[in-house]
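Each chain is listed here by its residues.
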Amino acid sequence: MSKWHPYEDGQTIGKKGPEGGLFMLDDEHVYGARITLEKGCLRAPYGITCGVYGWLVHTRFVADDESAQHAVEEMRKALTEIVDLLPSEDDDSDADQYDSITDAVADFGERFL
């Protein structure tokens, strides 16, 4: 069973997104991440906006559909890796775990410029 599902049951698809394009994809991870793909953005043909709630918000622009689809899959995988580092609600975080998460977030930003 996938931990990713359509955000708001897919109701956002076809609506205008924050980058001025139309949502082609809008998925949410059950443990607190989201990734969107917009087509026809104001700054570029495609925009990918993603985040890990409370940790990361990142937008990347790409020029064509094939590159956008490839980027979404790479970014989704990397987001899942970050979410997997997050402590559960009943888990007491320690400094090493916090450092691992912040390192992963920084690496994500550098990797997906």
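Anything mentioned here points back to the structure above.
Reading the values: the criteria
Residues numbered from 1 in each chain as written. Predicted model: local features only at pLDDT ≥ 70, side-chain atom pairs only at ≥ 80, totals over all residues. Heavy atoms only, no water. Helix = DSSP H or I, 4+ residues; strand = E, 2+ residues; numbered from the N terminus. Rg over C-alpha atoms; globule rule 2.2 N^0.38 Å. Buried < 20%, exposed > 50% of the residue type's maximum accessible area, 1.4 Å probe, protein only. Contact = heavy atoms within 4.5 Å. Areas by Shrake-Rupley, 256 points an atom, 1.4 Å probe, with all protein chains shown as cover.

1. Thoughts on the overall build of the chain
Then step 1. On a plain count of helices and strands, the chain comes out with two helices and five strands.
Then step 2. Reading the chain from its N end, one meets helices and strands in the order β-β-β-β-β-α-α.
Then step 3. In terms of overall dimensions, the chain is globule-like: its C-alpha atoms have a radius of gyration of 15 Å, near the 13 Å expected for 113 residues.
Then step 4. For the chain, the spread of C-alpha atoms along the principal axes amounts to about 45 × 30 × 25 Å.
Then step 5. Within the chain, buried positions represent 42% of all 113 residues.
Then step 6. Pairs at least 24 residues apart make up 36% of the contacts formed inside the chain by residues separated by at least 6 positions.
Then step 7. Accessible surface computed for the chain: about 6,800 Å², of which carbon and sulfur atoms make up 50%.

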